[in-house]
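# Descriptive structure summary
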Amino acid sequence: MSGNGSGQFQFAMRENCPICRAESVRLGDKRGRYIDHAFGFRECVECSFLFVEDPCVSFDRIYDEAYYRAQGADPLTDYMFELGNPVASIRAQELRGIDEAVVSIVGSLEGKSWLDFGCGNGTLLRYLNSVGSGARSIVGFEEGWIADEARRKGIEILTGTELEALKGSFDVVSAIEVLEHVLDPVETLSRIRQLLKPGGLFFYTTGNSAPFRQRLFEWSYVRPEIHIGYFNPRSITVALEQAGFSIRPAGWLPGYEKIIRFKILKTLGFKENSAAFGLIPWSIVAKLVDMKYRMSDMPMAFAKA
């Protein structure tokens, strides 16, 4: 994909850690594929958070229509295809996995309220409603271009004003591949904490940078135009505790196999499910992949009273 000149975008500058505000050391540069700019990378000397020192802050240009059609900074995810093909899309694997993982933690969704924060095209909401989860309320929050497209499909995506009125009302808040996009992780996590009831579950996914610390720029997850923060178990724990969460080990949860299955297929460039995928021994493959990427090392989080 040909890049866009960096002069078309605005960038912030930061040297101190966005999580604990400690000093950081510079690791080097990686040039963007979508924005023709050499992004600097830094590591916090205290909590080991890895972050882009000069992130692009032209969010309306990054998260535009092209982005959600896989024609922007993330060519692997076609959100509009997923929105129009909820059953055929490989995303259905991840949605089932998220549902299974959350239920394994909270026991049942019966009578509970669930918010998907940064819900993108809202397909998780639609899936949960389609399977009769028993939840009392399932809503999303999204500020990107695609939010209006999802609302036209009847998916309930709240505005910022509507969300503010619901503080302390959710039993579950999820943020699926959201945290790596935000400028101030603690601020975002504090906002999520305020939305949860005491003891409520915060279920998230984000890449674990720990296995890739010595070869960061070889990690395919590093897309500096959009992924501007890279967590490991230590740094995410510091961020979560600062935001008012208590932490518990997660380990290998039910549903992780399906979540990892989706990630593998997406990385390989697939959009649609195929009967041939059923021939793959996913229970073995997913655990082998987790040994490398260590998704299961990331902790669970619950809102403190």
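Read on for an overview of the structure.

## Details of the overall build of the protein chain
Check the secondary structure of the protein chain and you find 11 helices and 13 strands. In summary, the protein chain has a C-alpha radius of gyration of 19 Å against a globular reference of 19 Å for 305 residues, a match within 12%. Principal-axis analysis of the C-alpha atoms gives the protein chain an extent of 50 × 45 × 40 Å. Per-residue burial over the protein chain gives 54% buried out of 305 residues. Contacts in the protein chain between residues at least 24 apart in sequence constitute 74% of all its contacts with a sequence separation of at least 6. Accessible surface for the protein chain amounts to roughly 13100 Å². Of this, 50% is attributable to carbon and sulfur atoms. In the protein chain, which carries 35 positive and 38 negative side-chain charges, the distance between the mean positions of the two groups comes to 3 Å.

## Some words on the sheet that holds strand β4 (residues 38–44)
The strand order β2-β4-β5-β11 describes an open sheet built from four strands, whose pairing is antiparallel. On the outer flanks of this sheet lie β2 (24–31) and β11 (229–230), each paired with one strand and no other. With two bridges connecting them, strand β5 (residues 50–52) and β11 associate as antiparallel partners. The partner of Phe-51 across the bridge, within β11, is Gly-229.

## Digging into unusual backbone geometry
Located in the positive-phi region is Ser-48, a residue other than glycine, with phi close to 65°. If you check the backbone angles, Ala-70 has positive phi at about 60° while not being a glycine.

## Quick look at the packing of aromatic side chains
Under the criterion given, the structure shown has 20 aromatic pairs. Between Phe-49 and Phe-51 the ring centres are 6.0 Å apart and the planes differ by 15°, which places this aromatic pair in the stacked class. Looking at Phe-49, the relative accessible area reads 1%, which means it is buried. Given a relative accessible area of 0%, Phe-51 falls into the buried group. Between Trp-219 and Tyr-221 the ring centres are 5.0 Å apart and the planes differ by 25°, which places this aromatic pair in the stacked class. Residue Tyr-221 is classed as buried on the basis of its relative accessible area, which comes to 14%.

## Focus: the sheet that holds strand β13 (residues 300–303)
Reading across from one edge, β8-β7-β6-β9-β10-β13-β12 is the order of the seven strands in this open sheet, with mixed pairing throughout. This sheet does not close on itself; its edge strands, each paired only once, are β8 (157–158) and β12 (245–248). Packed onto the sheet, helix α4 (residues 91–106) meets β6 (113–117), β9 (170–176), β10 (196–205) and β13 and runs at close to 145° relative to β10.

## A word on helix α5 (residues 123–130)
The set of residues buried in α5 consists of Thr-123, Leu-124, Leu-125, Tyr-127 and Leu-128. Each element contacted by the buried residues of α5 is listed here: α3 (79–84), α4, β6, β7 (137–141), β8 and β9.

## A few points about the packing of α4 against α5
Across the interface, α4 lies against α5 with an axial gap of 10 Å and an inter-helix angle of 65°. With respect to their mutual orientation, α4 and α5 come out roughly perpendicular. Crossing of α4 over α5 shows right-handed handedness. Residues Arg-91, Leu-95, Arg-96, Ile-98 and Asp-99 of α4 lie in contact with α5, whose contacting residues are Thr-123, Leu-124, Tyr-127 and Leu-128.

## Quick look at the nonpolar core
Core analysis: the largest hydrophobic core is formed by 61 residues, its most contacted members being Ile-62, Ile-98, Val-102, Trp-114, Phe-203 and Tyr-230. Ranked by the residues each element gives to this core, the list is headed by helix α10 (residues 256–267), at six residues. Not counting residues up to four positions away in its chain, the partners in contact with Tyr-230 are Phe-41, Phe-49, Leu-50, Val-52, Ser-209, Trp-219, Tyr-221, Val-222, Arg-223, Pro-224 and Ser-235. In this structure, Ile-19, Leu-189, Ile-236 and Leu-240 belong to the second largest nonpolar core, which totals 35 residues.

## A closer look at the packing of α10 against helix α11 (residues 282–293)
Relative to each other, α10 and α11 sit at 80°, their axes nearing to 9 Å. With respect to their mutual orientation, α10 and α11 come out roughly perpendicular. Facing α10, whose interface residues are Glu-257, Ile-260, Arg-261, Ile-264 and Leu-265, α11 presents Trp-282, Ser-283, Val-285, Ala-286, Val-289 and Asp-290. A class-by-class count of the residues in the contact of α10 with α11 yields seven nonpolar, one polar and three charged.

## A few points about the state of the cysteines
Under the criterion given, the structure shown has zero disulfides. Take Cys-44: it sits in no disulfide, and the sulfur closest to it among the cysteines is that of Cys-20, at 3.3 Å.

Parameters at a glance
Residues numbered from 1 in each chain as written. Predicted model: local features only at pLDDT ≥ 70, side-chain atom pairs only at ≥ 80, totals over all residues. Heavy atoms only, no water. Helix = DSSP H or I, 4+ residues; strand = E, 2+ residues; numbered from the N terminus. Rg over C-alpha atoms; globule rule 2.2 N^0.38 Å. Buried < 20%, exposed > 50% of the residue type's maximum accessible area, 1.4 Å probe, protein only. Contact = heavy atoms within 4.5 Å. Areas by Shrake-Rupley, 256 points an atom, 1.4 Å probe, with all protein chains shown as cover. Lys, Arg positive; Asp, Glu negative; His and termini not counted. Charge placed at Lys NZ, Arg CZ, Asp CG, Glu CD. Pairing = 2+ DSSP bridges. Phe/Tyr/Trp six-rings, centres within 6.5 Å; stacked < 30°, edge-to-face > 60°. Axes fitted to C-alpha atoms, helices over the stretch in contact; angles between N-to-C directions. Parallel < 35°, antiparallel > 145°, perpendicular 65-115°, else oblique. Left-handed = near helix turned anticlockwise from the far one by under 90°. Core = buried A, V, L, I, M, F, W, Y, C linked by side-chain atoms within 4.5 Å. Nonpolar A, V, L, I, M, F, W, Y, C, P; charged D, E, K, R; others polar. Disulfide = S-S within 2.5 Å.

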